[in-house]
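So you can see what is in the structure, the chains are spelled out below.
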Amino acid sequence: MLISGPRIKRTRLIQTEKYVVALEVEMVFPVDDPSEPCYEPETVQLLQDIKEHAERGDVAWLTQKGKVYAAVGVV
């Protein structure tokens, strides 16, 4: 479902206990209410999928979607 309106790209960070995933997503300023950009349903689903894969530690899948950063233990 495409929402009509101007689009911008932003970097979104998805954080879990072990990983942070950075990816570029598209946001749209809806014609009906251009005061604030929003995500399309497909983007929201992608963000949820990324969080689930990060929680499972599926680094191979995550690296196909964005940059993956791992937490390191403090000594």
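For the structure, see preceding data.
All of the points below concern the structure found in this document. (Residues numbered from 1 in each chain as written. Predicted model: local features only at pLDDT ≥ 70, side-chain atom pairs only at ≥ 80, totals over all residues. Heavy atoms only, no water.)

Focus on the overall build of the chain
1) Next: A count of helical and extended segments in the chain gives 2 helices and 3 strands.
2) Next: When the helices and strands of the chain are placed in sequence order, the string is β-β-α-α-β.
3) Next: Relative to the 2.2 N^0.38 estimate, which gives 11 Å for 75 residues, the radius of gyration of the chain is 15 Å and therefore markedly larger than a compact globule would have.
4) Next: Reported as C-alpha extents along the three principal axes, the dimensions of the chain are approximately 50 × 25 × 15 Å.
5) Next: Looking at the chain as a whole, 23% of its 75 residues qualify as buried.
6) Next: Expressed as a percentage of contacts within the chain between residues at least 6 apart in sequence, the contacts between residues at least 24 apart total 47%.
7) Next: Averaged over its 9 positive side-chain charges, the chain has a centre that lies 7 Å from the centre of its 12 negative ones. (Helix = DSSP H or I, 4+ residues; strand = E, 2+ residues; numbered from the N terminus. Rg over C-alpha atoms; globule rule 2.2 N^0.38 Å. Buried < 20%, exposed > 50% of the residue type's maximum accessible area, 1.4 Å probe, protein only. Contact = heavy atoms within 4.5 Å. Lys, Arg positive; Asp, Glu negative; His and termini not counted. Charge placed at Lys NZ, Arg CZ, Asp CG, Glu CD.)

Comments concerning the sheet that holds strand E1 (residues 7-15)
1) Next: Pairing is antiparallel in the open sheet, where 3 strands are placed in the order E1-E2-E3. Only two strands of the sheet have a single neighbouring strand rather than two, namely E1 and strand E3 (67-70). Strand-to-strand twist of the sheet, defined as the mean angle between neighbouring strand axes without regard to direction, takes the value 25°.
2) Next: Here 9 bridges tie E1 to strand E2 (residues 19-28), and the two strands are oriented antiparallel to one another. Of the residues in E2, the one forming a bridge with Thr11 is Glu24.
3) Next: Sheet contacts for helix H1 (residues 41-56): E1 and E2; angle to E2, the most-contacted strand, approximately 175°. (Pairing = 2+ DSSP bridges. Axes fitted to C-alpha atoms, helices over the stretch in contact; angles between N-to-C directions.)

Here's the deal with the nonpolar core
1) Next: Residues Ile14, Val21, Leu23, Val25, Leu47, Ile50, Ala54 and Leu62 constitute the largest nonpolar core, which totals 8 residues.
2) Next: Counting only elements with at least two residues in this core, the list comes to E2 and H1.
3) Next: What Leu23 contacts, discounting residues up to four positions off in sequence, is Arg10, Thr11, Arg12, Ile14, Leu46, Leu47, Ile50, Lys65 and Gly66. (Core = buried A, V, L, I, M, F, W, Y, C linked by side-chain atoms within 4.5 Å.)

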